[in-house]
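Observations on the model geometry
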Amino acid sequence: MIILYICYISYYSEMSDSEIPSQSTSASGSSSSSSNNNTNRDPPKINFSKLPAKKELKMKDLLARSIPWDQVEIPVDVLLLTVEDCEFLACVSYLNKGFYKSHHDKPGIVYFGKIGKKGQDTLKIALMKSYMGPMNALTTVKNAVEVLSPKAVIWVGSCRGLNAKKVNLGDVVVSSKLRTYANEKVTDKGNEDWNDAVPVSTHLSRLLLDAGLGWNPPLKNVAELEVKVQNGVILSGPKEVDSRKLHAELTGRFGEAIAIDMEGEGLYKAAHDLKIEWAVIKGVADYADGTNSSTDEWKRFASFMAASVTAKVLDSSPFKNMPNYKGVVSTTPEQALKQQGQGPPRTPDGKVDKDEVRKRRLKALGRDSQTEKRVRTEEEVVPAKSK
């Protein structure tokens, strides 16, 4: 698959970090400015009847049927990743009926389903949970992409806001650019900034520019809160920031950033290596300034708003024309053949022809049986080095 972190659009790629605008679109589709950060109120009620699940799901409700891995439809179109239970449940709520789960040794448990309206093209979705932090995110993305071969990876969930004048609780931040903050060289003369500043991958950046246009938040009373979709810069790193001192330092160094998370860094680094599309879509559930404004209710609300925006972005045809990840999918030979729409070759008595399966697998890898035999022979005759 194409790695598209290199350029956002040519206009933005030529701008400095401080010049990149934070674009805000309200649910009604109009541009607006922040006026109320909602820190002293409970979030509005969510209208679950507007979701495919038609009700609020709990973890105990996820009794999805489990099927063997060799029956899973691979490749998928999009991989969605989450950390918290509320983030995962928000995404599951947007899967059409009939989703299921399966287990693979490499990525672990994966939920599979579809997003899209009946009678229209739907996208095949894989949904997973990950542990918190950039290193866990990097490992999760690499393990999952190499097995699921998606067209894009989107991290969905909640984050902390950096500027209450720019983003309100509940607003959805869509990454136009991601910046790391924790990488630096420490010398006697001072510290050198070794952080990365990367735009979101090209295809997704074009789709995400319009993420807020025509989007209606799933609220029981839409007039109760104006939820905005913000295209802006997200800071990402290994620290869960909830400190007035560190918040002041980060906003002083990265004034263009409007939100901060812990998984975006690992996502983009893995996507860079895998050459795959990526993006971060997260709702603001808290502020990173030590005010302890976060509550479980706001985290849940922010996660559902982010999942709703993600579903709106995915309910579109452009993904159909994007290529899947082109790496070697980590499956057995029989599974690889099945994923290509073929059954495994069989002997006259109906048994799987293992020799033919191996030949086809080697051919797909650009090798042949003679090469394999020669390599094995060389390995066998080379004596082990003495210690």
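Everything below is about the structure printed above this text.
Residues numbered from 1 in each chain as written. Predicted model: local features only at pLDDT ≥ 70, side-chain atom pairs only at ≥ 80, totals over all residues. Heavy atoms only, no water.

Helices and strands together make up the secondary structure of the protein, namely 10 helices and 13 strands. Taking all 387 residues of the protein together, the buried fraction comes to 50%. A fraction of 79% describes how many contacts in the protein between residues 6 or more apart in sequence connect residues 24 or more apart. Within the structure as shown, the protein displays about 18,800 Å² of accessible surface, and the carbon and sulfur contribution to it stands at 48%. (Helix = DSSP H or I, 4+ residues; strand = E, 2+ residues; numbered from the N terminus. Buried < 20%, exposed > 50% of the residue type's maximum accessible area, 1.4 Å probe, protein only. Contact = heavy atoms within 4.5 Å. Areas by Shrake-Rupley, 256 points an atom, 1.4 Å probe, with all protein chains shown as cover.)

Most of strand S5 (residues 123-129) sits out of view: 5 of its 7 residues are buried. The pairing of strand S4 (residues 108-115) with S5 spans 5 bridges and is classified as antiparallel. Bridge pairing in S5 links Lys-114 to Lys-124. (Pairing = 2+ DSSP bridges.)

Another aspect to go through is the side chain of Ser-102. With respect to the element layout, Ser-102 can be found in strand S3 (residues 100-104). Given a relative accessible area of 1%, Ser-102 falls into the buried group. The residues contacting Ser-102, other than those within four sequence positions of it, are Ile-67, Pro-68, Trp-69, Val-72, Gly-108, Ile-109, Val-110 and Phe-112.

In this section: the packing of aromatic side chains. Counted under the stated rule, the structure contains 7 aromatic pairs. Centroid distance Phe-48 to Phe-304: 5.4 Å. Interplanar angle 85 degrees. Geometry classified as edge-to-face. Here Phe-304 lies in helix H7 (residues 296-314) and Phe-48 lies in the loop between strand S1 (23-26) and strand S2 (78-82), a separation of 256 residues in the sequence. Residues Phe-48 and Phe-304 agree in their burial class; the two are buried. Among the aromatic residues, those joined into a ring-pair cluster are Trp-69, Tyr-100 and Phe-112. (Phe/Tyr/Trp six-rings, centres within 6.5 Å; stacked < 30°, edge-to-face > 60°.)

Under the definition given, this model contains 18 salt bridges. Measuring nitrogen to oxygen at the nearest pair gives 3.5 Å for the salt bridge that ties Glu-56 to Lys-58. Among the residues examined, Lys-58 registers a relative accessible area of 40% and is labelled partly exposed. Lys-228 serves as the salt-bridge partner of Asp-171, at 3.2 Å between the closest nitrogen and oxygen. (Salt bridge = Lys/Arg side-chain N within 4 Å of Asp/Glu carboxyl O.)

Once that is clear, we can look at the packing of helix H2 (residues 85-92) against H7. The interhelical angle for the contact between H2 and H7, taken along N-to-C directions, is 35 degrees, at an axis separation of 8 Å. Every pair of crossing elements has a handedness; the one defined by H2 and H7 is right-handed. Only Lys-299, Arg-300, Ser-303, Phe-304 and Ala-307 of H7 make contact with H2, whose side of the interface consists of Cys-86, Glu-87, Leu-89, Ala-90 and Cys-91. (Axes fitted to C-alpha atoms, helices over the stretch in contact; angles between N-to-C directions. Left-handed = near helix turned anticlockwise from the far one by under 90°.)

Our next topic: unusual backbone geometry. For the bond running from Ile-74 to Pro-75, omega is 10 degrees, close enough to zero to count as cis. Mapped onto the elements, Pro-75 comes out in the loop between S1 and S2. In this structure, Lys-54 takes a positive phi of about 65 degrees despite not being glycine. Assignment of secondary structure puts Lys-54 in the loop between S1 and S2. The backbone of Lys-275 shows a phi angle near 60 degrees, a positive value even though the residue is not glycine. Judged by relative accessible area, which is 45%, Lys-275 ranks as partly exposed.

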